[in-house]
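# Topology and contacts: notes
Below are the chains, spelled out letter by letter.
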Amino acid sequence: MRTLGIAGRIRSVQIDILTLFPQMFQSPFSTGILNRAIDQGLVRINIHNIRDCTHDKHHIVDDYTYGGGAGMVLKPEPIFETVESIKPDIKEGVDILPIILLTPQGRPFSQEIANELSSYRYMILICGRYEGVDERVREHLVTDEISIGDYVLSGGDLAAMVVVDAVVRLLPGVLGSKASSMDDSYAAGLLEYPQYTRPAVFRGWSVPQVLLLGNHAQITNWRREQAIKRTLERRPELIDKASLSLGERQLVDGLRNCLPTPPPSNLSLTNTI
Ligand code: 6GU
């Protein structure tokens, strides 16, 4: 589904987030680009406290794990009920509504998944917690599971914020055209080239001459070459998937032959400054 309506008018996107810690979302969603996107009505974000859909006196959301073992498990009822309370709000596309569980067991989040999600008008994000969520939520409620990397967080909340940030900045009208065209270079699968601002000489360190001469073709070439070199040095696994011209492929082959062998990964955090 496209987010652009008839005559290219921008339609807003609605994201509903289920969490046990609604207060965590306040600051990230009230600053910067996300805040502006919300103010401009380009995205509507509703935060739901899962605890509000409990019916017992103590508002219990978790329970012991069947079969024994450490850690509590999120109960299914409040999660199902919260999602069911949101659905009537969603007029069209309820049949293709993504309901995403944020969990370390999910598929690894990427720019590609952010692009894919940015084409939906509605989505529901469920923040799991690392001890676990009742498996029936996975089996009978969610349509997708996402992880933001191979490390363990105490809950899916921070992961949901990461996903929302990456998706919202792709929505039409959220970034100015300048910033979004910069994104194209990332979409090409390369790391960003080095950037400089004034002064031209800082503590004796000069900005590369090519950037000061104003020859735009040369600057474009230099930046592209720097982006390729940097990607090859830091993320060689990205290079094969990047969209490169024939000439650029030849440059890569040349660089591969003269690059020093990378240090063992346990040394890669040290630098030479
Ligand atoms: Cl989505 N949740 C948790 N708890 N830990 C994570 C994660 C998600 N992604 C990476 N680590």
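Procedures and definitions
- Residues numbered from 1 in each chain as written.
- Predicted model: local features only at pLDDT ≥ 70, side-chain atom pairs only at ≥ 80, totals over all residues.
- Helix = DSSP H or I, 4+ residues; strand = E, 2+ residues; numbered from the N terminus.
- Buried ≥ 20, exposed ≤ 12 C-beta atoms within 10 Å, placed from the backbone.
- Contact = placed C-beta atoms within 7 Å.
- Near = placed C-beta within 6 Å.
- Core = buried A, V, L, I, M, F, W, Y, C linked by C-beta atoms within 7 Å.
- Pairing = 2+ DSSP bridges.
- Axes fitted to C-alpha atoms, helices over the stretch in contact; angles between N-to-C directions.

### Looking at the overall build of the protein chain
Counting secondary structure elements, the protein chain contains 10 helices and 9 strands. Counting every position in the protein chain, which comprises 273 residues, the buried fraction comes to 19%. A fraction of 75% describes how many contacts in the protein chain between residues 6 or more apart in sequence connect residues 24 or more apart.

### A closer look at the site of the ligand
Around the ligand, the surrounding shell holds 14 residues, and the nearest of these are Leu102, Ser147, Ile148, Leu153 and Ala159. Top contributing element to the shell around the ligand by residue count: strand E5 (residues 99-108), with 4 residues.

### Brief notes about the nonpolar core
Counting 38 residues, the largest nonpolar core has Ile100, Leu102, Leu125, Ile126 and Ala160 as its most contacted members. When contributions to this core are tallied by element, the ones reaching two or more residues are strand E1 (13-19), helix H2 (32-39), helix H3 (76-86), E5, strand E6 (122-127) and helix H6 (157-168). Among residues more than four places away in sequence, those in contact with Leu102 are Leu125, Ile126, Cys127, Gly128, Ile146, Gly156, Ala159 and Ala160.

### Concerning the pairing of E1
Successive residues of a regular strand alternate their side chains across the two faces of the sheet. In terms of residue burial, E1 counts as a mostly covered element, since 6 of its 7 residues are buried. Where E1 lies against strand E2 (residues 43-49), 7 bridges are found, and the strand directions are parallel. Bridge pairing links Gln14 to Arg44 in E2. Relative to E6, E1 is paired through 5 bridges, and the arrangement is parallel. Looking across to E6, one finds that Ile15 is bridged to Met123.

### Side note on the sheet that holds E1
Sheet strands pair via backbone hydrogen bonds, and the direction of the pair is either parallel or antiparallel. Pairing is parallel across the open sheet formed by 5 strands, whose spatial order is E2-E1-E6-E5-E7. Whereas interior strands pair on both sides, the edge strands pair on one side only; in this sheet they are E2 and strand E7 (144-147). Strand-to-strand twist of the sheet, defined as the mean angle between neighbouring strand axes without regard to direction, takes the value 35 degrees. Those strands touched by H6 are E1, E2, E5, E6 and E7, and its axis lies near 155 degrees from that of E6.

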